[in-house]
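The chain contents come next:
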Amino acid sequence: LEWSTREPAVNVYYSPDGHFGIHKDNKSLTILMPLTSRGVDFTGGGTAFWSQSHPDERRHAPSLVLSPEAGTALLFGGRVSHKGLHIDTGKRV
């Protein structure tokens, strides 16, 4: 595995513009472990995923949106298009 210097180890999202644009990490594996929970620490948000056959967010809705609880690890292939959705209130860490 290789460390990615393009994306920090902890991404903090603030309201109202807090988000992380659509991208691919281009690594073998991505591990996302939130330290806060949606509905408790923030509203809105989540991580959206697009299928390889429809990776354009302007033309296609996400195939899946996940909001894991604080301390839960979410693992996925680093070549999957994904995005941190906008936070409405609170802070997502």
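Bear in mind the structure is a predicted one, so any value in this text is a computation, not a measurement.

Colleague: Just checking my understanding: could you explain the sheet that holds strand β5 (residues 47-50) for this structure?
Modeller: Strand order across the open sheet formed by 4 strands is β2-β8-β5-β6, with antiparallel pairing between neighbours. Pairing within the sheet leaves two strands with one partner each, and these edge strands are β2 (20-23) and β6 (64-66). Each strand axis lies, on average, 15° off the axis of its neighbour in the sheet, ignoring direction. Strand direction decides the pairing type here: β5 and β6, joined by 3 bridges, are antiparallel. The partner of Thr47 across the bridge, within β6, is Leu66.

Colleague: Honestly, the packing of aromatic side chains in this entry has me stumped. Any pointers?
Modeller: Two descriptors summarise a pair of aromatic rings, namely the distance from one centre to the other and the angle between the planes of the rings. On inspection of all chains with the given rule, the structure shows 1 aromatic pair. With 4.9 Å between their ring centres and 85° between their planes, Phe49 and Phe76 make a pair best called edge-to-face. A residue pair is termed long-range when its members are at least 10 positions apart, and Phe49 in strand β5 and Phe76 in strand β7 (residues 74-76) qualify at 27 residues. Each of the two residues, Phe49 as well as Phe76, counts as buried.

Colleague: Looking at this structure, how should I read a nonpolar patch on the surface?
Modeller: A cluster of nonpolar side chains, namely Leu29, Ile31 and Leu75, defines an oily patch on the protein surface of about 280 Å² accessible area. Residue position: Leu29 is located in the loop between β2 and β3 (30-32). On the basis of relative accessibility, which here comes to 35%, the residue Leu29 falls in the partly exposed class.

Cut-offs and rules
- Residues numbered from 1 in each chain as written.
- Predicted model: local features only at pLDDT ≥ 70, side-chain atom pairs only at ≥ 80, totals over all residues.
- Heavy atoms only, no water.
- Pairing = 2+ DSSP bridges.
- Helix = DSSP H or I, 4+ residues; strand = E, 2+ residues; numbered from the N terminus.
- Axes fitted to C-alpha atoms, helices over the stretch in contact; angles between N-to-C directions.
- Phe/Tyr/Trp six-rings, centres within 6.5 Å; stacked < 30°, edge-to-face > 60°.
- Buried < 20%, exposed > 50% of the residue type's maximum accessible area, 1.4 Å probe, protein only.
- Patch = residues over 30% accessible without salt bridge, like charges linked within 9 Å, V, L, I, M, F, W, Y side chains within 5 Å.
- Areas by Shrake-Rupley, 256 points an atom, 1.4 Å probe, with all protein chains shown as cover.
- Salt bridge = Lys/Arg side-chain N within 4 Å of Asp/Glu carboxyl O.

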